[in-house]
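Chain and residue survey
Listed below, chain by chain, are the residues.
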Amino acid sequence: MTNKERRDAQMAYISDESVFEEQKICRKKLQKLNFMDRSDFDGIGKAIQDLFGKSEGAFVNPPFFCDYGTNIEVGKNFFANYNCTIIDVAKVRIGDNCQFAPNVSIYTAGHPIHPVSRNSLYEYGKEVIIGDNVWIGGNTVICPGVHVGSNTVIGAGSVVTRDIPDWCVAAGNPCRVIRKITDDDMRKLFRDEEIDEEAWAEIVKGMGGMQE
């Protein structure tokens with residue numbers, strides 16, 4: 001098997017010239033994105049669409065960093081704030097309506113623990129999957145092989161080393177489930193503060209007139 005084939009099979013591989021050639025293509029696209037006029041929202045959106053393997057209405061506030069771009073697949077209405085890093089050696093699959101705060105990092109890449117194996121230059125990538133309607137707080141790190149469930153919130157500063165289920169608030173280092181998200185949270189804004197009447201009326205209208 002070639003090193004690219006080994007990499008894509010999530011096996012041990014070495015970054016040889018064929019791998020570097022793929023990264024060069026990505027870096028040229030990142031150069032364009034990260035030095036664009038930051039007020040050119042349409043241009044940024046088009047650059048992201050060209051960079052990612054799959055996207056629909058995605059927007060990222062530069063600067064943004066990744067290894068390939070083609071291994072990143074995002075659903076509808078994806079948004080990542082400033083200084084997002086996705087090391088996409090393996091696939092990164094992100095669902096619909098996901099939001100990343102500043103400085104979120106997703107790492108699919110890893111290296112052997114023992115120095116003899118690590119110094120051989122062999123490394124690996126393990127897929128990361130994030131469900132729909134996920135909000136990831138600032139300065140969060142998501143480690144290789146992690147799956148984050150749908151409708152979940154990851155608190156700022158978390159280090160996510162294990163899978164996180166659907167419909168929960170999780171935070172910490174290592175990241176752990178704090179509590180479930182329920183319908184009682186629907187009108188909450190910040191701590192015990194509720195969404196004001198005017199904004200709540202618009203939200204209810206958008207839900208087809210659902211009653212409180």
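Scroll up to find the structure this text is about.
A quick note: this is a predicted structure, and the numbers were derived from the prediction, not measured.

1. Quick notes on the sheet that holds strand E18 (residues 168-171)
- Across the sheet, which stays open at both edges, the seven strands sit in the order E2-E5-E8-E13-E16-E18-E19 with mixed pairing between neighbours. Bordering the open sheet on either side are strand E2 (59-60) and strand E19 (176-180), each of which pairs with just one other strand.
- By the bridge criterion, two bridges tie E2 to strand E5 (residues 79-80) in an arrangement that is parallel. Of the residues in E5, the one forming a bridge with Val60 is Ala80.

2. Focus: unusual backbone geometry
- Pro63 follows Pro62 through a cis peptide bond whose omega is 5°.
- Note that Pro63 resides in the loop between E2 and strand E3 (64-66).
- Following Asn173, the chain continues into Pro174 via a peptide bond in cis, with omega recorded as 0°.
- As for its position among the elements, Pro174 is in the loop between E18 and E19.
- Positioned with a positive phi, Gln10 is a non-glycine residue whose angle comes to about 60°.
- Structurally, Gln10 is set in the loop between helix H1 (3-8) and helix H2 (17-34).
- Not every positive phi belongs to a glycine, and Asn139 is a case in point at roughly 65°.
- Structurally, Asn139 is set in the loop between strand E13 (135-136) and strand E14 (141-142).

Conventions we followed
- Residues numbered from 1 in each chain as written.
- Predicted model: local features only at pLDDT ≥ 70, side-chain atom pairs only at ≥ 80, totals over all residues.
- Heavy atoms only, no water.
- Pairing = 2+ DSSP bridges.
- Helix = DSSP H or I, 4+ residues; strand = E, 2+ residues; numbered from the N terminus.

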